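Examining the three-dimensional arrangement
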Amino acid sequence: MTEGAPGWHDRDMARDVSFFDRLGSLLAQEREAEKARMTSLAQGLTLREREEQGLSVLDLETVEEEVGLGGRILLTLARADRGRLPTRVSNGDLVAVLPRRAEVKDPAKALVSRATSTRIQLAFDREPPAYLSEGLLRLDVVPNDVTYERVRAGLQRVKAMDKGQERHKREVLLGNEPPRFDNTKDFTPTRPLNPEQQDAAMRALAAEDFFLVHGPPGTGKSTVLAEVAAQAVARGERLLCTAASNAAVDHLLELCLEQGLRAIRVGHPARVAARLQEHTLDIVVEEHPDRVVSRDLFDEAFDLFGYARRQRSQGRSRERFSNARSSTAEAKDLMDEARKLEKKAVKAVLARADVVCVTLASLGSGVLAGEEFDRALLDEATQATEPLALLGFLRAPKVVLAGDPQQLPPTVLSQEAAKAGLGTSLFERLLQDHGDEVKRMLREQYRMNAAIMAFPSKEMYGGELRAHPSVADRTLSSVLDSGSGAEVDAPPVLYLDTAGKGFDEEVEPTTHSLLNPGEATYVIARVRQLLSLGLAPREVAVIAPYSAQARHLREALEAVHPEVEVDTVDAFQGREKDAILVSMTRSNSEGQLGFLNDLRRMNVALTRARRHLFVVGDSATLSSHPFYARFIEGTQTDGGYRSAWEWPDPAEQ
Ligand SMILES: Nc1ncnc2c1ncn2[C@@H]1O[C@H](COP(=O)(O)OP(=O)(O)OP(=O)(O)O)[C@@H](O)[C@H]1O
């Protein structure tokens, strides 16, 4: 629990600005760890092996060229034999494009804008080098340095906030001065809010510097943010909605649109959910008259570049050379003109929006230069590292952070950097520095049956969560086919104990991740059973803490039930399903629990189900940790404990 954290006045010494330098060096340490992981993955690998590891794609050639949004040049690559591609490259990946065999000192970089099973479309910000249309190519997935550079520069800017109000802001961020609040004004919400939500929204609106909304699972922290957005816009404010992940920003955008706000999504359309792409700046700008003109100019320029390239490739004559040169110069002028017009169109579209939704990492992108905001809303703030979250404070004088320190922390690769502070989010640090007055915790949840909620509430939230009456008694039986005749054994929480079954965990040789095929058979059989009783496949999900077990289960289920999602915990934060099946995976005689020791991660897994939570695991191993021992004990007391010995044999189902 973070309740009862010491107040700002309880710390004896003021923090000085070298704090930001320290964060900067932790960031650099993390950067090195990321690079080292990439290098060690790639080390000593042949090109083919790099391809197998998803680090490269080989034997490609350019099959199509066109001009895309924002004058980006789009090249589509396919295998020379037009065969299937390895599936690992994803939309939004940054890649380097090189000739198949040669090494190039400064290879062209591009973003993957569309990846299908046979084609990869790349978006280039600049004209790609000539070798892209000459012979075989390879793609290398590269770590994206842009974000790192932006965050590093952001820290320096926070450090330099030295004058007047800015200085006060910096001192608040350092924990040396208390945050200020305006007089709290009551308001009529756009939808019914519970008293805690109303109070949280009111405090958030009164915050002059920052405010923290602590939202345990399903308690409506996004609902509160959406309300703050609606009220702030009604007061004439311009808002920034941001988060570390694209998915969280998309979610905020959806909520703002539901509120009827004029919201725009900034970011590469390749990284935005398909259903929301029509709200991206790139797409909306397309309709603007200035953009229509600029598009023609880009097309013309592109034709001229093509002409120049052909002239050069047709042999050396003075005339061709001079033609090529003048066409290139003309094309560049046209590009400049087109870019100017496009900038104008972009500014006009942004000026019309009351809310701009963008990831923290993209806040520093050129299109937002000069844009000002009155308030920033930062969702999933407990998953962002502190240096990243600070970028939000550079763009708006007031920031509302929403999150839950009891769920997934920021992902940090370097153990040392994490321990030294990078693993602590700004949300948590501000709470530690300023104490409980700067936050409100929401306590009523609208997701889980009361019995599913009880254990995580007691363990992680001091027993303070309440289930709203509309969800407290929801069970699986009310959504199953009543006509199926079968009585399903589905109490809200069911723990299936595999102790003594001899289902030892196994190490996957290539990834060193863990799997447990024996345990998996019970999970698969349970999925089949629930579906046969009429549960919709999209309402069932399987969660495994280990990627190898998740993969193993996905491969088994994919062919028959492709709609049943199977993934690791991280993919499920912020989401819910009627039935969640958790495969604990660990089973060893030493009682080693590895990943399972991270209770925040497990808290996420145990709080995704609305009606039914089915957990499979080996109590002999799990009970070595008091948290799991108490969980199992609880199921025994509540009638939710079953032994695999008395459970139908999966092979016979
Ligand atoms: N006051 C309320 N009355 C009725 N339903 C509510 C209320 N507040 C939130 N909900 C519902 O509860 C659900 C969860 O809300 P929301 O998505 O805002 O929660 P969250 O805290 O962001 O959840 P997560 O655990 O995913 O972070 C939604 O279906 C929402 O409509």
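Small disclaimer: the values here were computed from a predicted structure and weren't measured. (Residues numbered from 1 in each chain as written. Predicted model: local features only at pLDDT ≥ 70, side-chain atom pairs only at ≥ 80, totals over all residues.)

**With respect to the overall build of the protein**
Note the threshold: Here a helix means four or more residues in a row that DSSP labels H or I, a strand means two or more in a row labelled E, and each is numbered from the N terminus. Values of the radius of gyration come from C-alpha atoms, whereas the globule rule sets the reference at 2.2 Å times the count of residues to the power 0.38. Contact between two residues is assigned whenever their backbone-derived C-beta positions fall within 7 Å.
Along the protein, the regular secondary structure elements total 20 helices and 23 strands. Taken against the 2.2 N^0.38 rule, which gives 26 Å for 653 residues, the C-alpha radius of gyration of the protein at 27 Å falls within 12% of a compact globule. If one aligns the C-alpha atoms of the protein with their principal axes, the spans along those axes are about 90 × 65 × 50 Å. The long-range share in the protein, meaning contacts at least 24 apart out of those at least 6 apart in sequence, stands at 73%.

**Focus: the site of the ligand**
Keep this limit in mind: Only the C-beta atom, placed from the backbone, is used; a residue is near a molecule or strand if that atom lies within 6 Å of it. Classification used: nonpolar for Ala, Val, Leu, Ile, Met, Phe, Trp, Tyr, Cys and Pro, charged for Asp, Glu, Lys and Arg, polar for all others including Gly.
Within the structure, the ligand sits among 14 residues, and Gly220, Lys221, Ser222, Thr223 and Tyr446 are positioned closest to it. At three residues, the largest contribution of residues to the shell around the ligand is made by helix H6 (residues 221–234). Residues belonging to the shell around the ligand are distributed by class as follows: four nonpolar, nine polar and one charged.

**Comments concerning the packing of helix H16 (residues 517–532) against helix H17 (residues 547–558)**
Here is the rule we go by: Note on method: axes are straight lines fitted to C-alpha atoms, helices fitted across the in-contact stretch only, with angles between N-to-C directions ranging 0 to 180 degrees. Oblique is the label for any angle not under 35 degrees, not over 145, and not in the 65 to 115 range, which are roughly parallel, roughly antiparallel and roughly perpendicular in turn. Left-handed describes a crossing in which the near helix is turned anticlockwise from the far one by less than a right angle; the clockwise case is right-handed.
It is at 10 Å that the axes of H16 and H17 come closest, and there the two elements cross at 45°. Taken together, the axes of H16 and H17 are oblique relative to one another. When the axes of H16 and H17 are compared, the crossing they make is right-handed. Residue-level inspection shows Pro517, Ala520, Val523, Ile524 and Val527 of H16 in contact with H17, the latter providing Gln549, His552, Leu553, Ala556 and Leu557.

**Points about the pairing of strand E4 (residues 108–115)**
Rules: Two strands pair under a simple rule: DSSP has to find at least two bridges between them.
In the sheet, strand E3 (residues 94–99) pairs with E4 via four bridges, with the strands oriented antiparallel. By the bridge assignment, Val97 is partnered in E4 with Ala108. With four bridges connecting them, E4 and strand E5 (residues 119–124) associate as antiparallel partners. Residue pairing across strands places Arg114 opposite Gln121, the latter belonging to E5. Hairpin connection from E4 to E5: three residues lie between these consecutive antiparallel strands.

**Brief notes about H17**
Defined as follows: A helix is expected to span 1.5 Å multiplied by its residue count minus one. Labels follow a simple rule on C-beta atoms placed from the backbone: if 20 or more others lie within 10 Å of a residue's own, it is buried; if 12 or fewer, it is exposed; otherwise it is partly exposed.
For H17, with 12 residues, the first-to-last C-alpha span of 15 Å sits near the 16 Å given by 1.5 Å per residue. Within the sequence span of H17, burial applies to Ala548, Gln549, Ala550, His552, Leu553 and Leu557. Those residues of H17 hidden inside the fold are in contact with strand E18 (514–515), H16, strand E19 (540–543), strand E20 (565–567) and strand E21 (577–583).

**Topic: helix H1 (residues 18–42)**
Between its terminal C-alpha atoms H1 stretches 36 Å, which fits the 36 Å expected from 25 residues at 1.5 Å a residue. Among all positions of H1, only Phe20, Leu23, Leu26, Leu27, Glu30 and Arg31 are buried. On its buried face, H1 is in contact with helix H3 (145–159), helix H11 (386–395) and helix H12 (415–422). Phi for Gly44, located one or two positions after H1, is positive at around 65°.

**Considerations on the UniProt feature "coiled-coil region" (unreviewed entry) in the protein**
In plain terms, the rule: UniProt positions are given in the numbering used here, feature names are shortened, and annotations may be inferred rather than shown by experiment.
Sites flagged by UniProt as "coiled-coil region" (unreviewed entry) map to residues 324–351. For the annotated span residues 324–351, helix accounts for 100% and strand for 0% of the residues, and the straight-line distance between the end C-alpha atoms is 40 Å.

**A word on the sheet that holds E5**
Judged by pairing direction, the barrel is antiparallel, and its six strands sit side by side in the order E1-E2-E5-E4-E3-E6 before closing back on the first. This sheet shows a mean twist of 50° between the axes of neighbouring strands, independent of strand direction.

**Structural notes on unusual backbone geometry**
The backbone of Arg82 shows a phi angle near 60°, a positive value even though the residue is not glycine. The exposed category is assigned to Arg82, around which 10 C-beta atoms lie within 10 Å. Phi angles above zero are rare outside glycine, and Thr585 is one such case at about 75°. Residue placement: Thr585 occurs in the loop between E21 and helix H18 (599–606). Residue classification places Thr585 among the buried positions, given that 30 C-beta atoms sit within 10 Å.

**Considering the packing of H6 against helix H7 (residues 246–258)**
At a minimum axis separation of 9 Å, H6 and H7 run at an interaxial angle of 55°. Classified by the interaxial angle, the pair formed by H6 and H7 is oblique. The crossing of H6 and H7 is right-handed. Of the residues in H7, those touching H6 at Ser222, Leu225, Ala226 and Ala229 are His251, Leu252, Leu255 and Cys256. For the contact of H6 with H7, the per-class residue count stands at six nonpolar, two polar and no charged.

**Overview of the sheet that holds strand E16 (residues 493–497)**
The strand order across the open sheet built from six strands is E20-E19-E21-E22-E16-E23, with neighbouring strands paired in parallel fashion. With partners counted over all chains shown, the strands left at the sheet margins are E20 and strand E23 (641–643), one partner each. Put simply, the sheet's adjacent strands are angled 15° from each other on average, direction ignored. Pairing analysis gives five bridges linking E16 to strand E22 (residues 609–617), with the strands arranged parallel. Considered in E22, the bridge of Leu494 is made with Phe614. Along the sheet face, helix H20 (residues 626–638) touches E16 and E23 and points at about 115° away from the line of E16.

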